[in-house]
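Chains, contacts and geometry: an overview
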Amino acid sequence: MSLGWRNHSFYKGFQTDNALDFSKRSSFDHDVMLERIYPGRLILPMLQHYGDECVPVVNQGDSVTIGQCVGAPAPGTMAVPIHSGISGKVTNIKPILLPDGRMCRAVFIEGDRKRTFHPSVRPRNNVNVSASTVMGIVRDAGIVGMGGEGVPTIAKINRARRLKVKELLVNCLQSEPYADSDALILGEYADHVIMGAVAVAGACGVKIINILISKDRKNEITSLRSAMERSFSKYSGYAFNLIYLKPRFPQGYYRMVAKALYDADLEEGESLESRCGAVLFNCATVHACWNAISESMPLTSRVISISTEEGIRHNVQVPIGTPVSELFDTISGVRGSSKMIIWGNLLTGIVIDRPDMVPIIKTTSGIGIIAERNDAVAPCYNCGRCSDVCPEGLEPSILYKLINEGKQKEAVKFGVRNCINCGACSYICPSGIMLSSCIGRYRASLKNTSLSPFISVGDRQWLDDVSLLSADPVNHSEKRSAVSDSITLPFEGWESE
Ligand code: SF4
Ligand code: SF4
């Protein structure tokens, strides 16, 4: 086992203008640490992941408990189950529209404030589990990429096995301003992140675990290094590397990671797995995997950052399905009236107007509350700042013009499909032009056409290959890499807290 340090970043985009160097982070109150809230009701959309909608497996009037499955995948679909994070009664099942435009059914639950757990949620006595057991646990716990992409984690593990990747990357970069939830997980649960990473590495069949972190995260680096040093003797056979990257936005995107670590500009349809031999998991995701393995706790809650312009910053452990309005009622100093509420992070999130009907879902890592802005939009005066900050090397002002003139083919020629919707161009534009919304909307409109953009997670193969949801590597050995199922993950001596 080794512990290594490297120092990387990507080159495009911010090279000529460091305006989006977020190394001076907004300060979150780390003394307050993790607050937990217990909402009175949940709205659980049946579509919280990349893939197909789940089917409700409860009926109106049913009682439910914490950890109970309320939505299950239909046969032959790309989906993982959805569980309740509170105990109470199902009051309704009806369609809702998510802020990102997806329509699906949702299970509405009224809490009973008793916090009764489902009998299946209990510490696992024996955590010396095999690779296929880890895969089954991760799938049945409904774990998906919690950094925002939402791909079922079991699908990513299976694809990593199939493509015989060599390295597991744990993404601790969270480079958006006013976002701090991953840092809190690293500070509080560094050991669990490492154990989750070992479990997922074992399931993927890789022996190298690279932990990617921004070099300004001093406290989290200390926590991680201590956890890694404690892991030396327990996880012999695994090589750990701590890799430092520059604190820049959007360093955490997989395409920026490919550029920074492997000097690879991913082409359309290429993924980190196929091009670089590496698979990337967010630190919140591997932490959720460890919770599922050690406590048999499915993905029912997550840490989110709540930030307001007044400087109120909280990291909150919140049951998935909590309506955004419940956060205002519960957290001191946070009110939703006469404000703009952003579902997601400040640069990439979506403005919502019905916080009582919009829930936190598995991929929501933050909520922003800012004063209403009435800045008049001025014409573009060709300052070039949007091009300077675009990490994909695009010309956002030209794309904006072409889209508004209806010149579809030209926009595609100028690389509109490569936009990762990071929001940097809108943020920097002195004229207040909402470049990224316009480009993002247009890019989304190309979906299902011959000009369809490749999605952030690589390609449409995910949707077409439901066998990626299998937790049985033995039955599919003809298609998958030859990873032995006799792997026993080295968790001897671990005790549930
Ligand atoms: S930053 Fe705004 S004003 Fe400057 S070139 Fe881009 S669109 Fe035009
Ligand atoms: S939103 Fe798209 S066009 Fe704008 S900076 Fe980000 S990648 Fe470039």
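For the structure itself, look to the data block above.
The notes below deal with the structure included here. As the structure is a prediction and not an experimental result, all values here were calculated from the model.

Topic: the site of ligand 2
- The full set close to ligand 2 counts 16 residues, and Cys390, Cys419, Cys422, Cys425 and Ser436 are the nearest of them.
- Secondary-structure elements contributing two or more residues to the shell around ligand 2 are helix 12 (424–428) and helix 13 (435–445).
- Here the shell around ligand 2 gets three residues from one element, more than from any other, and that element is helix 13.
- Partitioned by chemical class, the residues of the shell around ligand 2 number 12 nonpolar, three polar and one charged.

Some thoughts on helix 4 (residues 218–234)
- Between the first and last C-alpha of helix 4 there are 25 Å, a value that for 17 residues agrees with the 24 Å anticipated at 1.5 Å per step.
- Regarding helix 4, the residues found buried are Glu220, Ile221, Ser223, Leu224, Ala227, Met228 and Ser231. Each buried residue of helix 4 lies within a common arc of 160 degrees when the element is viewed along its axis, so the set occupies one face. In helix 4, the exposed residues that point more than 90 degrees away from the buried face are Lys218, Asn219, Glu229 and Ser233.

So, the sheet that holds strand 4 (residues 54–56)
- Taking strand neighbours across the sheet as the criterion, the three strands line up as 4-6-7 in an open arrangement whose pairing is antiparallel. Pairing within the sheet leaves two strands with one partner each, and these edge strands are strand 4 and strand 7 (82–83).
- The pairing of strand 6 (residues 69–73) with strand 7 spans two bridges and is antiparallel. Counterpart to Cys69 in the pairing with strand 7 is His83.

Topic: the nonpolar core
- In this structure, Leu168, Val170, Val200 and Val257 are the most contacted members of the largest nonpolar core, which totals 137 residues.
- In terms of residue count, the dominant contributor to this core is helix 3 (residues 181–204) (16 residues).
- Beyond its immediate chain neighbours, meaning those up to four positions away, Val170 contacts Val193, Ala197, Ile209, Ile211, Leu212, Phe281, Cys283 and Val286.

What about the environment of Asn382?
- Its place among the elements puts Asn382 in the loop between strand 18 (366–371) and helix 9 (385–389).
- Judged by the 9 C-beta atoms lying within 10 Å of it, Asn382 falls in the exposed class.
- Taking C-alpha positions, Asn382 is 9.6 Å from Ile398, a pair spaced 16 residues apart along the chain.

With respect to the environment of Val134
- By the secondary structure assignment, Val134 is in helix 1 (residues 131–140).
- Separated by 337 residues in the primary sequence, Val134 and Ala471 place their C-alpha atoms 8.2 Å from one another.

Comments concerning helix 1
- With seven of 10 residues buried, helix 1 is to be regarded as a mostly interior element.
- Next to the buried residues of helix 1 lie helix 2 (153–162), helix 3 and helix 7 (283–295).

Some remarks on unusual backbone geometry
- A cis amide bond, omega 0 degrees, links Phe249 with the succeeding residue Pro250.
- Considering the arrangement of structural elements, one finds Pro250 in the loop between strand 12 (239–245) and helix 5 (254–262).
- In the Ramachandran plot, Asn421 falls in the positive-phi region, its phi being about 55 degrees despite a non-glycine side chain.
- Looking at the element boundaries, Asn421 is found in the loop between helix 11 (408–413) and helix 12.
- On the basis of neighbour count, Asn421 is assigned to the partly exposed category, with 17 C-beta atoms found within 10 Å.

Definitions and cut-offs
Residues numbered from 1 in each chain as written. Chains lettered and ligands numbered in written order. Predicted model: local features only at pLDDT ≥ 70, side-chain atom pairs only at ≥ 80, totals over all residues. Near = placed C-beta within 6 Å. Helix = DSSP H or I, 4+ residues; strand = E, 2+ residues; numbered from the N terminus. Nonpolar A, V, L, I, M, F, W, Y, C, P; charged D, E, K, R; others polar. Expected span 1.5 Å × (residues − 1). Buried ≥ 20, exposed ≤ 12 C-beta atoms within 10 Å, placed from the backbone. Arc of directions from axis to C-beta. Pairing = 2+ DSSP bridges. Core = buried A, V, L, I, M, F, W, Y, C linked by C-beta atoms within 7 Å. Contact = placed C-beta atoms within 7 Å.

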